[in-house]
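Residue-level structural notes
Take a look at the letters that make up each chain.
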Amino acid sequence: MTVPAEPRWDRSTIALLGGNLAGATAVAALVTALGKLVYDISGRELDLGLLGLAEFAPAALLVLVTGSVADRFDRRRVAALATLGEGCAALLMLGYVHGTPTAVGPLFGLAALLGTARAFVAPSARSLPADIVAAEHLPWVTARWAITFQVSMIAGPVLAGSLYAVSPRAPFVAAAVLFGVAALGFSLVPRPAADVRVAAPALAPAAGRLHQALEGLRFVRHQPILLGAISLDLFAVLFGGAVALLPAIAE
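In what follows, the accompanying structure is described.

**Considering the pattern of salt bridges**
- Applying the stated criterion to the full structure yields five salt bridges.
- For D47, the salt bridge identified is with R44, shortest N-O distance 2.8 Å.
- Look at R44 and you get partly exposed, because its relative accessible area is 45%.
- When the shortest N-O distance is used, the salt bridge between D131 and R75 registers 3.0 Å. Remark: R75 occurs in helix α4 (residues 75-98) and D131 occurs in helix α5 (residues 105-132); sequence separation between them is 56 residues.

Structure, rendered in structure tokens:
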């Protein structure tokens, strides 16, 4: 019996994990700075909740589309292009902040743009580990993916808070740069040597596409353990969203 080679750091894992670290740090920094900016402008706690809704709503509305896109197209390209979309949102926020904003409405629209780009990044980027390593090495990559994500969740707010104290514009500049680095990292992930996914027909009927999009929901519904784990995570994220009030609590 052939013993599989030990997992190791190579171009694929470095590019993927580096892109994940940069992109997740940028998102955490941008969301932190955006919340502080919105509260500084309006002083209303309700606006912090509306900001979170603007960031989340696109992912909920596009859930049947984004997963299908990640399955039908090159995931590296989807992740890179969507990350560039996040960078464009950060630059637009920078332009708005540069003009001494007095209204939060445009920021809600830009937050929705950021949420739309994030909705496409998530399924494509999270599926890339399974494309670049053999099945027996997937736990090794997944563990390091989780570590980079947790590091970014700490580093992002620290970076945003430190830069915001210097200038309200600085976090948006840093986020745009990090998004560029993340997009470069995803684009440098090599194409899988043997892509086992079956390509969908280029002109599949709309009913067929909807069936493919709903297939994941059917699978989860028939897996009690998976459904329970996902439901628990959703409730944890829901109640953990109280951290969105931190700008008001800090004041």
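**Remarks on a nonpolar patch on the surface**
- Where nonpolar side chains cluster on the molecular surface, the patch consists of V63, L64, V65 and L217 and spans about 320 Å² of accessible area.
- If you tally residues by element for the nonpolar patch, the top one is helix α3 (residues 63-72), at three residues.
- Counting through the fold element by element, L217 comes out in helix α8 (residues 206-221).

**Focus on the packing of helix α1 (residues 11-42) against helix α2 (residues 45-61)**
- Two numbers describe how α1 lies on α2: the axes approach to 9 Å, and their chain directions differ by 145°. The crossing of α1 and α2 is right-handed. Residues V31, L34, G35, V38, Y39 and S42 of α1 form the contact with α2, whose own contacting residues are E45, D47, L48, L51 and E55.
- Classifying every residue of the contact of α1 with α2 gives six nonpolar, two polar and three charged.

Scoring rules and cut-offs
Residues numbered from 1 in each chain as written. Predicted model: local features only at pLDDT ≥ 70, side-chain atom pairs only at ≥ 80, totals over all residues. Heavy atoms only, no water. Salt bridge = Lys/Arg side-chain N within 4 Å of Asp/Glu carboxyl O. Buried < 20%, exposed > 50% of the residue type's maximum accessible area, 1.4 Å probe, protein only. Helix = DSSP H or I, 4+ residues; strand = E, 2+ residues; numbered from the N terminus. Patch = residues over 30% accessible without salt bridge, like charges linked within 9 Å, V, L, I, M, F, W, Y side chains within 5 Å. Areas by Shrake-Rupley, 256 points an atom, 1.4 Å probe, with all protein chains shown as cover. Axes fitted to C-alpha atoms, helices over the stretch in contact; angles between N-to-C directions. Left-handed = near helix turned anticlockwise from the far one by under 90°. Contact = heavy atoms within 4.5 Å. Nonpolar A, V, L, I, M, F, W, Y, C, P; charged D, E, K, R; others polar.

Don't take any of this as a statement about function, it's just geometry.
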